Amino acid sequence: MTLLKQSLRALASNGRRNRLGNRVATSLRGFHSPIIDITADKGLAPPPDPKTFPEYKPRDFFSFELLHESSISRARVGRIYTPHGFVDTPGFVAVATNGALKAVDHRVADDSGQQLMFCNTYHLLLQPGPELIEKAGGIHKYMNRNRPIITDSGGFQVFSLSQGSVTDELNMKARGPNRSTEGSLLDEVSELGAKFRSYRDGKQHLLTPESSVEAQKAYGSDIIVPLDELPPYHIERQRLESSVYLTHRWEARSLRAHLNNVQNQAMYGVIHGGVDLELRQLSIDYISSLPFDGFGIGGSLGKDRDELIQLLNFVMPRLDPKRPNHLLGIADIESIKRAVPLGVDTFDSCFPTRMGRHGSVLTQNGPLKIRKNSNRNNYKPPDEKFGLQNVSVAYLHYLSKEHLPLAGSLMTLHNIKYMNDFMSDLRSKILRNEI
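Worth saying up front: this structure is predicted, and the values here are computed from it rather than measured.

> Even after reading the chapter, I still don't get the packing of helix α15 (residues 393-401) against helix α16 (residues 405-431), so can you show me in this structure?
Any two packed helices are characterised by how steeply their axes cross, that is the angle between the axes, and by the distance between the axes. Contact geometry for α15 and α16: axes closest at 7 Å, N-to-C directions at 140 degrees. As far as their axial angle goes, α16 and α15 are oblique. Along this stretch, α15 crosses α16, giving a crossing that reads as left-handed. Together, Tyr-395, Leu-396, Leu-399 and Ser-400 of α15 and Leu-406, Ala-407, Leu-410 and Met-411 of α16 make up the contact between the two elements.

In structure tokens:
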């Protein structure tokens, strides 16, 4: 019996006791909200008692080694050991959404220092599907990559079908509350999980904590993530509180499913609560009490970088330092510079690869737009310290102007190498107690 079928049977066996009240459709500051099948009482129902879980113990196949703590900040240098190699921290995690980096072969990226790679359960669930990947021997064999891989739960993409990113939300809010809500692919959120329609063929899917874990077991990724709900930034406090409790119940179910079949995989619990510090503390207390192997800092992380850093100042000192942590979806240079001194271990973002495909390369002086005519006679590498040193700006300019595919590949590769060189430099500075 699959985990999903077990979940459905368990919920059905509770019958009327678990049946929820009338469905209420709400609108959150102009954003379409799917039908929320949670009453106020159920929304604040406590998650399972941590005493019903085994105590956390380091695993022989996954561990975190703290190598150095800075004497002037909370910055630290460490190493995460997984079945497919180690990850130096602080480290950049490249995003291979569909199991592939866009415009660059991951083997070339690996040669540039890429250690941990992020794949998205939602996209792989729709195509090619967990069954096919499992039949291939797991995501590592399917991709032919022998380095660490982390997969998310699929929740971020599913809830983004309704709300988009925080940036999208803020932009839409500025335009007023009457934007069209037609076309949302997220149909319903209930205690069981989230119903959504595929952007590929419109077919409806049900994503539950158990089915998300089941998919990630089929992928065989080194680090997996429990299902969580992603509420929008602008949300009523009561609704945010209900979301945190729902996420805790979902994460507990995900963890139980994982512990039933650990399969040499680590699971990171995700800390939620938006920018509400009381709810963040509630989430820290509960998630830290469960036997997760590490922590993800997730949910809405603020409307801008200052709010993000303010939030991290609160969260980071309260996490167990013996376990690694990951800042979900944030990896721009300035945020990394400000978050590393607070003790963040790993960062993921698709922005470096996206920038490269769209004609910009990272430099210590900020992004450089390659297509500018002033770059035509620049025979130096994009940056003299980080990134590719064997290609000139003039050559990239020529390739881009001629719309040659190699342009996007080289600029993307430069940005990946830049990020890894940049993180290596940060680690060296921490070891010298300069950060």
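Further notes follow.
> Please explain the environment of Gly-43 as it appears in this structure.
When you line up the elements, Gly-43 lands in helix α2 (residues 40-43). As a C-alpha pair, Gly-43 and Glu-241 span 198 residues in sequence and 8.0 Å in three-dimensional space.

> Help me out: how do you make sense of the nonpolar core in this one?
The nonpolar side chains of a soluble globular protein tend to be buried, and buried together. Ranked by size, the top nonpolar core spans 74 residues in total, and within it Leu-312, Leu-327, Ile-336 and Phe-347 carry the most contacts. Among the elements that line this core, the one with the most residues is α16, at 11 residues. With 16 residues, the next largest nonpolar core counts Phe-61, Leu-116, Ile-223 and Tyr-268 among its residues.

> I would appreciate a short explanation of the side chain of His-414 in the present structure.
When you line up the elements, His-414 lands in helix α16. Side-chain polar atoms of His-414 contact the backbone oxygen of Leu-362, separated by 2.8 Å.

Conventions used here
- Residues numbered from 1 in each chain as written.
- Predicted model: local features only at pLDDT ≥ 70, side-chain atom pairs only at ≥ 80, totals over all residues.
- Heavy atoms only, no water.
- Axes fitted to C-alpha atoms, helices over the stretch in contact; angles between N-to-C directions.
- Helix = DSSP H or I, 4+ residues; strand = E, 2+ residues; numbered from the N terminus.
- Parallel < 35°, antiparallel > 145°, perpendicular 65-115°, else oblique.
- Left-handed = near helix turned anticlockwise from the far one by under 90°.
- Contact = heavy atoms within 4.5 Å.
- Core = buried A, V, L, I, M, F, W, Y, C linked by side-chain atoms within 4.5 Å.
- Buried < 20%, exposed > 50% of the residue type's maximum accessible area, 1.4 Å probe, protein only.
- Polar contact = N/O pair within 3.5 Å; in protein donor to acceptor, adjacent residues only side chain to side chain.

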